[in-house]
Amino acid sequence: MSAENGIGNETVEARPGALELGRIIEALTAGQTPDPADVDAVRSLNPTAAGSGAHLEAIRSRLPAIMEDLQPGVDPNRQAAAWNQINECKQIAPLLTGDPADRLDAFSEHAANPPPVSWLVKDWMPDATLTVLTGAGGAGKSRIALQLAVAVATGAERFIEPKDDRRRPIPPDKLEAPSVVQIGGPAPVVFAAWETRRLAFANRLATICGPPGQERAAALERLTGRLHYVNMRPSGGLWGAAPGRHTSTTGAWLSGGDALRAYAERAGARLLIIDPLAAAFVANENDRALVRAFLSGLDQWAEDNGCAVLIISHPPKNDSAQSGSTDWRNGVQAVWELAPADKNATDGTRRLHVDKLNEGPIPKAVRVDYQAGRFVEANDPDGGDSQSQGKTKGEGYANNV
């Protein structure tokens, strides 16, 4: 068993069991039964000779139990333990194969004309990476995220429509709401919810799709098979400490995280919405190493699968836009904030703006009103355009380019 490592074309020997363990992991992750011959080969390994230590010993001896615990109807705690064993397999498998340098994602050939940065929401949300939407509780983050989900799933150009106000309509040249960039037309969306119950989701979706009648029915029909609601409460968090390990010292994908990522991949999702972050990340939000590990893993998944990820987050009880470690901001490509349009505002008027954007200049903010169950773009009450009030420091200029 040998392979070329790509550095000087030397040939290195893969350690025993590497290919078999890789096939077992692939099968288990896909919910399939591994080849019995592969299972027997891994179970017969001498852990010391394989250079894999006690973890492989525990895993190889538990493979039959892992397969049994992943069957439908098995107690969720047993399923979670089995997925944690699989995660350990994933960490061990690269150690069994070849030169460590081969495992780096590296290149040294540089294109003169690389493809431009792609967007899911033009100049607001880069494609296939992470964006955070933050704002106080009750601001409407989940609703406006659902409006975006509807636009992506139906192929609509806008997820914030102009306000229906015949007295003071917004002139076409003053519309500032961002446009959704559709690559190949309507695309699947997965909305992973811990706080929004199914009935509440259904009612919000119905109002977003318009008033009762044929128009709403037609819009909902177009969403069938494209917009996927996933109730994540029974599955728990996506990322945190494995059973028996302290939340502040280690972290890994949990069974809920493996299941959600597999579901989004199967659906071919172009947008994954995680609502909220506090339920998905079940670890110390102030620990920079833990935060960065989670965001790096999720961002790599987004890039590998061509899926933009929108993470909904609550701010702390101070003037900061985002709670926890600064890496919640530093570790993502864009941060949106939905906040009252004015400090003293008491109505439903909001201001949606980009607080951080790595791939370009900060776009203008959008003033929105809550109308008939959805947020719509509104005129400035003083007669200016929707961008004139409440600009943040640095708005309109490049930020972290």
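Preceding this paragraph is the structure being described.
Residues numbered from 1 in each chain as written. Predicted model: local features only at pLDDT ≥ 70, side-chain atom pairs only at ≥ 80, totals over all residues. Heavy atoms only, no water.

Undergrad: Help me get a handle on the packing of helix α6 (residues 141–154) against helix α7 (residues 198–208), residues and values and all.
TA: Two numbers describe how α6 lies on α7: the axes approach to 10 Å, and their chain directions differ by 60°. In terms of orientation, α6 and α7 fall into the oblique class. For the pair α6 and α7, the sense of crossing is right-handed. Residues Ser 142, Arg 143, Leu 146, Gln 147 and Val 150 of α6 form the contact with α7, whose own contacting residues are Phe 201, Arg 204, Leu 205, Thr 207 and Ile 208. Considering only residue class, the contact of α6 with α7 consists of 5 nonpolar, 3 polar and 2 charged. (Axes fitted to C-alpha atoms, helices over the stretch in contact; angles between N-to-C directions. Helix = DSSP H or I, 4+ residues; strand = E, 2+ residues; numbered from the N terminus. Parallel < 35°, antiparallel > 145°, perpendicular 65-115°, else oblique. Left-handed = near helix turned anticlockwise from the far one by under 90°. Contact = heavy atoms within 4.5 Å. Nonpolar A, V, L, I, M, F, W, Y, C, P; charged D, E, K, R; others polar.)

Undergrad: Mind laying out helix α11 (residues 288–305), listing which residues take part and the relevant values?
TA: In this model α11 runs 26 Å from its N-terminal to its C-terminal C-alpha over 18 residues, within 8% of the 26 Å that 1.5 Å per residue would give. Taken together, the buried positions of α11 are Leu 290, Val 291, Phe 294, Leu 295, Leu 298, Trp 301 and Ala 302. Viewed end-on, α11 has its buried residues packed into an arc of 125°, placing them on one side of the element. Exposed side chains of α11 directed beyond 90 degrees from the buried face belong to Arg 288, Ala 289, Glu 303 and Asp 304. (Expected span 1.5 Å × (residues − 1). Buried < 20%, exposed > 50% of the residue type's maximum accessible area, 1.4 Å probe, protein only. Arc of directions from axis to C-beta.)

Undergrad: Break down the pattern of salt bridges for me, citing the residues and quoting the values.
TA: By the definition in use, this model includes 6 salt bridges. Here Asp 258 ties to Arg 261 by a salt bridge, and the two come within 2.4 Å at their closest N and O atoms. Note that Asp 258 and Arg 261 are positioned in helix α9 (residues 255–267) at a spacing of 3 residues, about one turn of the helix. The salt bridge partner of Arg 288 is Asp 327, with a shortest N-O separation of 3.5 Å. Here Arg 288 is found in helix α11, whereas its partner Asp 327 is found in helix α12 (residues 327–330), with 39 residues between them in sequence. (Salt bridge = Lys/Arg side-chain N within 4 Å of Asp/Glu carboxyl O.)

Undergrad: Could you give an account of the sheet that holds strand β12 (residues 281–282), with specific residues and numbers?
TA: Here 3 strands make up an open sheet; going across it, the order is β10-β9-β12 and the pairing mixed. Looking at strand neighbours, the two that pair on one side only are β10 (252–253) and β12, the edges of this open sheet. In this structure, strand β9 (residues 239–240) lies alongside β12, joined through 2 bridges in parallel fashion. Looking at β12, one finds that Trp 239 is bridged to Phe 281. (Pairing = 2+ DSSP bridges.)

Undergrad: Describe the nonpolar core, listing the residues and the values that go with them.
TA: By size, the foremost hydrophobic cluster in this structure holds 46 residues, and its most contacted members are Leu 148, Phe 159, Leu 227, Leu 271 and Trp 336. No other element matches α6, which puts 9 residues into this core. Once residues lying within four places of it in the same chain are set aside, the contact partners of Leu 271 are Leu 120, Met 125, Leu 148, Ala 149, Val 152, Pro 188, Val 189, Val 190, Cys 307, Ala 308 and Leu 310. (Core = buried A, V, L, I, M, F, W, Y, C linked by side-chain atoms within 4.5 Å.)

Undergrad: Report on the sheet that holds strand β5 (residues 130–134), specifying residues and quantitative values.
TA: The sheet built from 10 strands is open, its strands ordered β6-β17-β16-β15-β14-β5-β13-β11-β7-β8 with mixed pairing. Single-partner strands in this sheet number two, and they are β6 (161–162) and β8 (227–231). When strand β15 (residues 350–357) meets strand β16 (residues 366–371), the two strands line up antiparallel, connected through 3 bridges. Bridge pairing links Arg 351 to Arg 367 in β16. α11 contacts β5, β11 (271–275) and β13 (308–313) of the sheet and is inclined by roughly 145° relative to β13.

Undergrad: Let's hear about the packing of aromatic side chains: which residues, and what values?
TA: Counted under the stated rule, the structure contains 11 aromatic pairs. For the ring pair Phe 191 and Phe 201, a centre distance of 5.4 Å and an interplane angle of 65° mean the geometry is edge-to-face. Here Phe 191 is found in strand β7 (residues 189–193), whereas its partner Phe 201 is found in helix α7, with 10 residues between them in sequence. Given the relative accessible area of 1%, Phe 191 is considered buried. Seen from their ring centres, Phe 281 and Trp 328 are 4.9 Å apart, and the 90° between their planes marks the pair as edge-to-face. Taken together, the residues span a long stretch of sequence, with Phe 281 in strand β12 and Trp 328 in helix α12 at a distance of 47 residues. Taking the relative accessible area as the measure of exposure, Phe 281 reaches 5% and is therefore buried. The buried category is assigned to Trp 328, whose relative accessible area is 2%. (Phe/Tyr/Trp six-rings, centres within 6.5 Å; stacked < 30°, edge-to-face > 60°.)

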